Amino acid sequence: MLLKNLFMKIKFNNLLKGSTILSVPGILSIFISLLSIPIHLNYAGPENYGNYIIFHFILLIAVNFNFGIGKSTAISINNFPKKKKEVGFKSIIYTINIALVIGVLFLLLYFLRTTFLYDYTEVYKFTSYFFLGSIITIFFVSFEGILQGNQKFKSISILNLFFFSFSISFPSILLFFNQNFSLENLISISILIKFLSVLIMFLIIKNGNLLKSSSSKILWNNLRKNGKWITLNNTLIQFYELFDKFLIKIFIGPVAVSFYSIPQQLTGKLSIISKSFSAYLLPNLSKKKIDNDSFNFSLEIFIKVIPIFIFLLFPLYPKILSLWLGNSYIENIYYLTKIFSLIAIFACASHLLITKFEASKTLNRNLKIEFLLIPFFLIALYWLTKNNYSLLMISLLVLFKEFILFNFRLNLLKSELTYVKDYFLYSIYFLVILFFSFWRNDLYILSLVFLILSSLKK
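Predicted model only: the values in this text are computed from it and were never measured. (Residues numbered from 1 in each chain as written. Predicted model: local features only at pLDDT ≥ 70, side-chain atom pairs only at ≥ 80, totals over all residues. Heavy atoms only, no water.)

## A closer look at the overall build of the chain
Thought 1: Tallying secondary structure elements over the chain gives 17 helices and zero strands in all.
Thought 2: The buried share among the 458 residues of the chain stands at 53%.
Thought 3: Across the chain, the fraction of contacts at a sequence separation of at least 24, relative to all contacts at a separation of at least 6, is 83%.
Thought 4: Surface exposure of the chain reaches about 21400 Å², of which carbon and sulfur atoms provide 69%. (Helix = DSSP H or I, 4+ residues; strand = E, 2+ residues; numbered from the N terminus. Buried < 20%, exposed > 50% of the residue type's maximum accessible area, 1.4 Å probe, protein only. Contact = heavy atoms within 4.5 Å. Areas by Shrake-Rupley, 256 points an atom, 1.4 Å probe, with all protein chains shown as cover.)

Laid out in structure tokens, this is it:
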């Protein structure tokens, strides 16, 4: 028993150490965003910022063009650790093939840009950035899978910081020194930073001797079984995350997108921690001897610990936001931030559950409820935006969607979870605390105290 407890302690320490290494650069990105967002808003205006963010949200779609190669690489390496170099090599070969197809489509659009009923040269400029960014992104995802499979967590964490955070925030910070930068200038600088990140990633892989020429079909067999589900799941996630912003931009305007996305970006930074845990768990859960202890321990942290700290921050949000955004602050941002905080809690816990599906190659189970839910969500979202309902109503719809998905995923994995009934009750109680925070401050405080005492007791 003593040896078992010692082993568990070492295992959990490794989980926390690995996840912390992956999280630290991401936490730094929060401070970079805190600096860049108000600079962009105050120097270029909310409309420019809304269009800039929309471009980057669209570019995230390019992750799907990787067709699951990145995650399948990490899984395959840990399924067959003796063949990890061969798997890494085939990962790059498959990625090059996809990049060539995208390149051909890009050239085709270039030659046809003035042959339609109107000249779309202006639009094509931004389309070219999208194609170039897409090719860079699919290589990043594949390279990340190679490093993740080889558990090079330090390299992943630093390069994630540059690729996803620094590439978006740094151009905004440059507006402080040169207010004449156009939207196109900002996007081109962002793409350049992403390219340099991928180049460094390749050099790490090459110099680390992580590749070996091979005709192995290990990765191909994994992709045939799991790749389509990874791609489909990523597509649905991207669709859920983007469609609300597109409809808000169309029916309410880019300024509304700006105010809607600010609290979403701020609270969404919590996913840095959950994705760090997921990045550590995926290769470990993919090993032939699967151990669920670290998985259960991670889920406990995101359901029983982190929400307490988030709810404790609620009363401080107005001062933090007004100090941060200055003249761009409006009270609606405060209300949205509270709602998106709970959305982030459910989304982060879902990241861990989805990682379990990915590692066990059963992601198709997770997609059932998503296909069932998506028509109702899209119809409701379209109706709310078209009829000019408030951003608060739209955010509550997103919260309801995340709540349903989280609880459905819990139910699918109930045989592998330790405290599944507790998690169901916690998710409902979180909604109660959020409601009280809007309606009765005294009941909000009382419910939060009860949550803290309950967590300490368990």
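## Some points on the packing of helix α2 (residues 46-59) against helix α7 (residues 183-207)
Thought 1: Where α2 meets α7, the closest approach of the two axes is 10 Å, and the angle between their N-to-C directions is 35°. As for the relative orientation of α2 and α7, their crossing is right-handed in sense. For the pair formed by α2 and α7, the contact residues are Asn48, Asn51, Tyr52, Phe55, His56 and Leu59 on the first element and Leu183, Leu186, Ile187, Ser190, Ile191 and Lys194 on the second. (Axes fitted to C-alpha atoms, helices over the stretch in contact; angles between N-to-C directions. Left-handed = near helix turned anticlockwise from the far one by under 90°.)

## Looking at the pattern of salt bridges
Thought 1: Counting across every chain of the model gives nine salt bridges.
Thought 2: Lys356 serves as the salt-bridge partner of Glu416, at 3.2 Å between the closest nitrogen and oxygen. Of this pair, Glu416 sits in the loop between α15 (391-412) and α16 (420-439) while Lys356 sits in helix α13 (residues 331-359); the two residues are 60 residues apart in sequence, bridging distant segments of the chain.
Thought 3: With a relative accessible area of 26%, Glu416 lands in the partly exposed category.
Thought 4: In this structure, Lys401 engages Glu402 in a salt bridge whose closest nitrogen and oxygen atoms are separated by 3.0 Å. As far as the burial class goes, Lys401 and Glu402 line up, both buried.
Thought 5: The structure contains a network of salt bridges with shared partners spanning Glu300, Lys304 and Asp422. (Salt bridge = Lys/Arg side-chain N within 4 Å of Asp/Glu carboxyl O.)

## Here's the deal with helix α6 (residues 153-174)
Thought 1: For α6, which comprises 22 residues, the first-to-last C-alpha distance of 30 Å matches the rise-based estimate of 32 Å (1.5 Å per residue) to within 8%.
Thought 2: The largest bend along α6 reaches roughly 55° and is located at Phe166. (Expected span 1.5 Å × (residues − 1). Bend = angle between axes of the 7 residues up to and from the residue.)

## As for unusual backbone geometry
Thought 1: If you check the backbone angles, Gln151 has positive phi at about 55° while not being a glycine.
Thought 2: For Gln151, a relative accessible area of 32% puts it in the partly exposed group.
Thought 3: Even without a glycine there, the phi angle at Asn209 is positive, about 55°.
Thought 4: Relative to the helices and strands, Asn209 resides in the loop between α7 and α8 (218-251).
Thought 5: Looking at Asn209, the relative accessible area reads 46%, which means it is partly exposed.

## Notes on the packing of α8 against α15
Thought 1: Taken N-terminus to C-terminus, the directions of α8 and α15 make an angle of 165°; their axes are 12 Å apart at the nearest point. Put simply, α8 runs roughly antiparallel to α15. As for the relative orientation of α8 and α15, their crossing is right-handed in sense. Here α8 contributes Tyr240, Asp244 and Ile248 to the contact with α15, which in turn contributes Leu391, Ile394, Val398, Lys401 and Leu405.
Thought 2: The residue makeup of the contact of α8 with α15, split by class, is six nonpolar, no polar and two charged. (Parallel < 35°, antiparallel > 145°, perpendicular 65-115°, else oblique. Nonpolar A, V, L, I, M, F, W, Y, C, P; charged D, E, K, R; others polar.)

## What about the side chain of Thr337?
Thought 1: Relative to the helices and strands, Thr337 is located in helix α13.
Thought 2: Beyond its immediate stretch of four places on either side in the chain, Thr337 contacts Pro263, Leu266, Thr267, Tyr317 and Leu321.

## Digging into the packing of aromatic side chains
Thought 1: Enumeration over the complete set of coordinates arrives at 30 aromatic pairs.
Thought 2: Both rings, one in Phe140 and one in Phe164, keep their centres 5.3 Å apart while their planes meet at 90°; by these two values the pair is edge-to-face. Placement of Phe140 in helix α5 (residues 121-149) and of Phe164 in helix α6 is noted, with a sequence separation of 24 residues between them.
Thought 3: Arranged with centres 6.4 Å apart and planes meeting at 25°, the rings of Phe436 and Trp439 form a pair that is stacked. With Phe436 and Trp439 both in helix α16, this residue pair falls three residues apart, about one helical turn.
Thought 4: Under the relative-accessibility criterion, Trp439 is labelled exposed at 53%.
Thought 5: One aromatic cluster in this structure is built from Phe311, Phe314, Tyr317, Phe346, Phe403, Phe406, Tyr426, Phe430 and Tyr444.
Thought 6: Here Lys338 stacks its cationic end above the ring of Phe438, 4.1 Å away from the centre of that ring.
Thought 7: Arg440 extends its terminal NZ or CZ atom over the ring of Trp439, reaching a point 5.7 Å from the ring centre. (Phe/Tyr/Trp six-rings, centres within 6.5 Å; stacked < 30°, edge-to-face > 60°. Lys NZ or Arg CZ within 6 Å of the ring centre and 35° of its normal.)

## Notes on the environment of Leu60
Thought 1: Here Leu60 is to be found in the loop between α2 and α3 (69-79).
Thought 2: Sequence-wise, Leu60 and Gly133 are 73 residues apart; in three dimensions their C-alpha atoms are separated by 9.3 Å.
Thought 3: With residues near it in sequence (within four places) discarded, Leu60 still touches Phe164 and Gln238.

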